[in-house]
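Residues per chain are reported as follows:
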Amino acid sequence: MNESEGAALLLSVWMGLSAVGVGLLPATAVALLLARRSFWGKALVEAAVFLPLVLPPVVTGYVLLTLFGRESPVGAALAALGIEIPFTWTGMALAGAVMGFPLLVRSMRSGFENVDARLEAAARSLGCSRWEAFFSVTLPLAWPGIVAGAVLCFARALGEFGATVMLSPGTAGNRTLPLEIFRSYQSPGEEAAVFRLAMISILLSAGALAASEILVRRSRSRRPSAGEESPGEGGR
């Protein structure tokens, strides 16, 4: 692995970690909202959250480029603060976070839905506040789904190409693994580099999927089955 390939690998890993870091708190709020609340317009919120899963990634990249470009109000305001999004590392990380966000929310939502709300109610009846019940009861029980979502978000951002290429400067040192594979594929005589980078991408993605599946199964195994007694019914 040469210096350019090593830089692409490190950048991809950093982008995946950044995507998880950026999306974790908002994804927790959205997942809790979708898992525990019924409200008018919930279907529209779900559609907006999961839209990047079905949109062509290039379209998502174009939307981000339009939204954060200097000609838009948001982009102009950020530029006035010295924050540049298009054609920067920040833009690439944002694209990865947007593409991985739906997977993070979906897995976290499943984790929260597997936690019996009666356990939270019991904790609150014993004097816990809403936040204390969340951190002491809900979060520990839902952690497999949360971690699985983080792993999937990381893997999605790691392998993102379409949205990232729209916001990438494309210069050496600013190319992720997919971008480096594409550049090598277009360069004569770099077939070995393409194969090597492709194998690295496959191994990283397969490892992430395997870890996510293990965590999801662990989360499901904790969910009470229909024949199990609910709390307080054992003495009846």
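Model, not experiment: these values are computed from the prediction. (Residues numbered from 1 in each chain as written. Predicted model: local features only at pLDDT ≥ 70, side-chain atom pairs only at ≥ 80, totals over all residues. Heavy atoms only, no water.)

Q: I'd like a description of the pattern of salt bridges, backed by residues and values.
A: A complete count under the given rule lists 9 salt bridges for this structure. Residues Arg 156 and Glu 160 are paired through a salt bridge, measuring 2.7 Å at the closest nitrogen-oxygen approach. When the shortest N-O distance is used, the salt bridge between Arg 175 and Glu 180 registers 2.9 Å. Here Arg 175 matches Glu 180 in class, with each residue buried. Within this structure, Arg 175, Glu 180, Arg 183 and Glu 190 form a network of salt bridges that share partners. (Salt bridge = Lys/Arg side-chain N within 4 Å of Asp/Glu carboxyl O. Buried < 20%, exposed > 50% of the residue type's maximum accessible area, 1.4 Å probe, protein only.)

Q: I'd like a description of the packing of helix 1 (residues 3–36) against helix 5 (residues 89–113), backed by residues and values.
A: Interhelical geometry of helix 1 versus helix 5 gives an angle of 40° and a closest axis separation of 5 Å. What the angle tells us is that helix 1 and helix 5 run oblique. Once helix 1 is placed against helix 5, the crossing between them reads as right-handed. When the residues that make up the contact of helix 1 with helix 5 are grouped by side-chain class, the tally is 22 nonpolar, 4 polar and 3 charged. (Axes fitted to C-alpha atoms, helices over the stretch in contact; angles between N-to-C directions. Helix = DSSP H or I, 4+ residues; strand = E, 2+ residues; numbered from the N terminus. Parallel < 35°, antiparallel > 145°, perpendicular 65-115°, else oblique. Left-handed = near helix turned anticlockwise from the far one by under 90°. Nonpolar A, V, L, I, M, F, W, Y, C, P; charged D, E, K, R; others polar.)

Q: Help me get a handle on the packing of aromatic side chains, residues and values and all.
A: Between two aromatic rings, the relevant description is the distance of the centres plus the angle of the planes. According to the stated counting rule, one finds 5 aromatic pairs in the structure shown. Where Phe 134 meets Phe 135, the ring centres are 5.2 Å apart and the plane angle is 80°; that geometry is what we call edge-to-face. Pairwise contacts between aromatic rings join Phe 112, Trp 131, Phe 134 and Phe 135 into one cluster. The ring of Phe 50 is capped by Arg 106, whose NZ or CZ atom sits 5.3 Å from the centre of that ring. (Phe/Tyr/Trp six-rings, centres within 6.5 Å; stacked < 30°, edge-to-face > 60°. Lys NZ or Arg CZ within 6 Å of the ring centre and 35° of its normal.)

Q: Explain the nonpolar core to me, using residue names and the numbers behind them.
A: Core analysis: the biggest nonpolar cluster contains 22 residues, and Val 105, Met 108 and Phe 112 have the highest contact counts within it. Among the elements of the structure, helix 1, helix 2 (42–54), helix 5 and helix 7 (130–158) are those that each provide at least two residues to this core. Residue contributions to this core peak at 7 residues, all from helix 1. In terms of nonpolar packing, the next biggest core, distinct from the first, is built from 7 residues, Leu 64, Met 99, Ala 163 and Leu 167 among them. (Core = buried A, V, L, I, M, F, W, Y, C linked by side-chain atoms within 4.5 Å.)

In short, shape yes, function no, at least from these values alone.
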